[in-house]
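Results of the structural survey
Spelled out from the first residue to the last, the chains are:
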Amino acid sequence: MKPTAHIYQTKLKIISRLVIIFFFCLPITLAAEENISSECKTIKIAYKQFDIKTMIDFDRTASPQQRQACKTLFRYPSYEKDVDFFTCETLTEALYRSKHDSPAILEQFKRQATAITYQRCIRQALNRSWGQLEYKLFYKLVEELIAMNLPNQQALLDELLATYVVNDKQALEHKYVQALLAFGSNPATTQYDTPILSRAFWHTYVGGGTCKTARLIIDALSPEELAIPYNNRAGNHPEKNIDATTLMDVSSLSTLCPEEGQLVVEKAAEINKQDKNGNTALHHFYLDVIAQKNLLIPHKVNFINILRKRGASSDIPNKDNITAEQLRLQLKQDKKRCRDLCSRL
């Protein structure tokens, strides 16, 4: 037999076997997929009916393939880590949608879930930023979290504060924040890249927050805490990883809360502290107008003059060897930008 004929026959045998395997395995694969699809429909029904027991059982027994397939049916399939995903999703939805029955749902869940599952799901329900719990239920859940006496309790409280300073219930935002501060949340936490106060100012700037929230946080911060450096400035500011202080952030974020911005300017310690670029708070106040091409507005002139009266130096050079005084003179020459306020600089 010629070598080519032998090779041809060998290939034909391999292809034949692959075809047989394919048609043998296809029904099994289709049946498995059908079983998963059926299981997911059951899970979706259980979710809509707030059937927490079914979800707990599914979280404990489902295969990785079943879990991955069924997660796609949910609105936030990647919100939480895979552990207890379906249980936590169902509890969160139940607490949001069944406000009047939430105490009973919570009690039932507490009886059925393990301590770690209970803690994880309570945390998720509290942290959902797309909608807010009713205040009484929110307060109850925070009390539950504290009663667990978890080793990372402080980090959890700080995490909640960072979430609730940018929540969607504008009229009541300060009430949630006030409660968290009373529970022990730290407004000077450094576990985030931007200050908590800057987050509150930014949320007001984009139309979702209130100045009351910013004032609560300012009152809770010491002068030294207002001078703590953070990696990034809040909002969509282009400067990153510069170790800016909350005082430096006020230059661009307090537009809609000038009274609260003034409180920071009057209270903050270390007003001559420099960021990684060598800029002081005065540099930032001038650069906010010059570099960002903004108009100079009265309260920013007021902030600058308060800082100068408090002893802020205009002669400290940054890394480009530019002082705040040079920036002041540059701004005064730009009549379009400083307008009738030039004389007050």
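Residues numbered from 1 in each chain as written. Predicted model: local features only at pLDDT ≥ 70, side-chain atom pairs only at ≥ 80, totals over all residues. Heavy atoms only, no water.

1. Comments concerning the state of the cysteines
The tally for this structure, following the rule as stated, stands at 3 disulfides. There is a disulfide in this structure between C40 and C70, and the S-S distance comes to 2.0 Å. Across the S-S bond of C40 and C70 the torsion is about -95 degrees, and the bridge reads as left-handed. Within this pair, whereas C40 is found in helix α1 (residues 3–48), its partner C70 is found in helix α3 (residues 64–71), the two being separated by 30 residues in sequence. By the burial criterion, C40 is buried, and C70 matches it. A sulfur-sulfur separation of 2.1 Å characterises the disulfide bridge that pairs C88 with C121. Judged by the sign of its S-S torsion, about -80 degrees, the bond between C88 and C121 is left-handed. Residue C88 is found in helix α4 (residues 85–97), and its partner C121 is found in helix α6 (residues 115–127); the two are separated by 33 residues along the sequence. Residue C88 is classed as buried on the basis of its relative accessible area of 0%. Given a relative accessible area of 0%, C121 falls into the buried group. (Disulfide = S-S within 2.5 Å. Helix = DSSP H or I, 4+ residues; strand = E, 2+ residues; numbered from the N terminus. Buried < 20%, exposed > 50% of the residue type's maximum accessible area, 1.4 Å probe, protein only.)

2. Focus: the pattern of salt bridges
Tallied over the full model, the rule gives 11 salt bridges. With a closest N to O distance of 3.5 Å, R215 and E259 form a salt bridge. Of this pair, R215 sits in helix α11 (residues 211–220) while E259 is found in helix α13 (residues 258–267), placing the two residues 44 residues apart along the sequence. We classify R215 as partly exposed; its relative accessible area is 31%. Among the ionic pairs, E325 bridges to R328, the shortest N-O distance being 2.7 Å. A residue pair is termed a helical-turn pair when its members lie 3 or 4 positions apart in one helix, as E325 and R328 do in helix α16 (residues 324–332) at 3 residues. Given the relative accessible area of 23%, E325 is considered partly exposed. Assessed through its relative accessible area of 12%, R328 is described here as buried. Shared partners join several salt bridges into a network, and the residues in it are K110, K140 and E144. (Salt bridge = Lys/Arg side-chain N within 4 Å of Asp/Glu carboxyl O.)

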